[in-house]
Amino acid sequence: MYSERPADGLPQVIAWRSLRPPGGRQTRVLPDGCMDLIWHEGEVFIAGPDTAVQHHPARVPGQTFGLRFAAGTGPQVVGVPADEFTDRQVPLDQVWSPAEVRRVAESPTPDEALRAVAMARWRPPDPALVEVAARARAGWPVDAIAERLDLSARHLQRRVKTAFGYGPKMLTRILRMQRALALARDGTPFASVAALAGYADQAHLSRDVRALAGVPLRSLVT
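Residues numbered from 1 in each chain as written. Predicted model: local features only at pLDDT ≥ 70, side-chain atom pairs only at ≥ 80, totals over all residues. Heavy atoms only, no water.

**What to know about the environment of Arg 148**
- Looking at where Arg 148 falls in the secondary structure, it is placed in helix H5 (residues 142-148).
- A relative accessible area of 48% places Arg 148 in the partly exposed class.
- A distance of 2.8 Å separates polar atoms of two side chains, one belonging to Arg 148 and the other to Glu 131. (Helix = DSSP H or I, 4+ residues; strand = E, 2+ residues; numbered from the N terminus. Buried < 20%, exposed > 50% of the residue type's maximum accessible area, 1.4 Å probe, protein only. Polar contact = N/O pair within 3.5 Å; in protein donor to acceptor, adjacent residues only side chain to side chain.)

Next up, the structure:
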C-alpha cells in the first residue's frame, strides 16, 4: 500500500508512506528529479536523484516513510549539493550527526520526525529553481530556459547540477517523461501526449521513455 500527500508547511515537498505486506514484489522506481529523505524500519537515509530506472527487490514486510523534495529543495535541507548523491542511497548519519539521526530513527512517529527535522532546516525554495523545474517539465529547450531566467548556459548548468543532481538537459528529459506519464495515465492518447509534453513526435516520446524507464510507455500505464 502506498499513499502520498503534500507535506504541511513544506512547499514543493511530498510526504509519502509505503506498507509492504509479506510476499511483496520488486518495485520499479523511475527518475523524477527529486531527492528523498527516507525512514525504513529504524534506518534513515538519503535517496539521491536517479538518472535511470532503479529496481528495488522486495524487502521484508514493514513500513517506509519519506519526504520527496522537488524543485531543488532537497540540498538546502540535507546541507549537501544534490550531485553528491546522484544515483546513490546514503545513510543519513554519514551526513548529519549520529545523535540527530538517532532522534529520527528511534521516533515512534517517523513521519512526524522527518517533517520536524526538515522544518528545522527549511528555507523557502529558490524561485529561479522552481521556474527551471516548471519549464523543464513543460518540455522547454535548455537554451530557452536559460534565456527566460537571463542566465548563461554555464551558470544554468552549475545551478541545476547542484540543486537537482544533474545538468539541465537530463533534468528536462526526466521531468518531461514524468509529465508524459501523468498525461498517459489520465487517458490522453499517446500521440497527444507527445505534443503536450514537448516531444518532437510519438517516436521521440517512445524512445526517450524506454531509455529512461527501461520499458515502453504502455507498460507504465497498464
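Read on for the rest.
**Points about the environment of Gln 178**
- The residue Gln 178 is located in helix H7 (residues 168-185) in this model.
- Looking at Gln 178, the relative accessible area reads 24%, which means it is partly exposed.
- Residues Gln 178 and Arg 137 lie 41 residues apart in sequence; the distance between their C-alpha atoms is 7.6 Å.
- The residues touching Gln 178, leaving out its near neighbours within four places in the chain, are Leu 30, Pro 31 and Asp 32.
- From its side chain, Gln 178 meets the backbone oxygen of Pro 31 in a polar contact 2.8 Å long. (Contact = heavy atoms within 4.5 Å.)

**A word on the packing of aromatic side chains**
- For the structure shown, the criterion picks out 2 aromatic pairs.
- Between Trp 39 and Phe 65 the ring centres are 5.8 Å apart and the planes differ by 55°, which places this aromatic pair in the tilted class. Highlighted residues: Trp 39 in strand E4 (residues 35-40) and Phe 65 in strand E7 (residues 62-69), separated in sequence by 26 residues.
- Positioned above the aromatic ring of Trp 96, the side-chain terminus of Arg 121 is 3.8 Å from the ring centre. (Phe/Tyr/Trp six-rings, centres within 6.5 Å; stacked < 30°, edge-to-face > 60°. Lys NZ or Arg CZ within 6 Å of the ring centre and 35° of its normal.)

**Considering unusual backbone geometry**
- Positive phi, normally seen in glycine, also occurs at Glu 41, with a value near 50°.
- Residues other than glycine seldom take positive phi values, yet Asp 150 does so here, at roughly 60°.
- Tracing the chain through its elements places Asp 150 in the loop between H5 and helix H6 (153-164).
- Residue Asp 150 is classed as exposed on the basis of its relative accessible area, which comes to 69%.

**Structural notes on the nonpolar core**
- Core analysis: the biggest nonpolar cluster contains 37 residues, and Val 132, Leu 156, Phe 164, Leu 171 and Leu 205 have the highest contact counts within it.
- When contributions to this core are tallied by element, the ones reaching two or more residues are helix H4 (127-137), H5, H6, H7, helix H8 (190-197), helix H9 (202-213) and helix H10 (217-221).
- With 8 residues, H7 is the single largest residue contributor to this core.
- Ignoring sequence-local partners within four residues, the contact set of Leu 205 consists of Ala 180, Phe 190, Val 193, Ala 194, Tyr 199 and Leu 217.
- With 28 residues, the next largest nonpolar core counts Met 35, Val 104, Ala 118 and Trp 122 among its residues. (Core = buried A, V, L, I, M, F, W, Y, C linked by side-chain atoms within 4.5 Å.)

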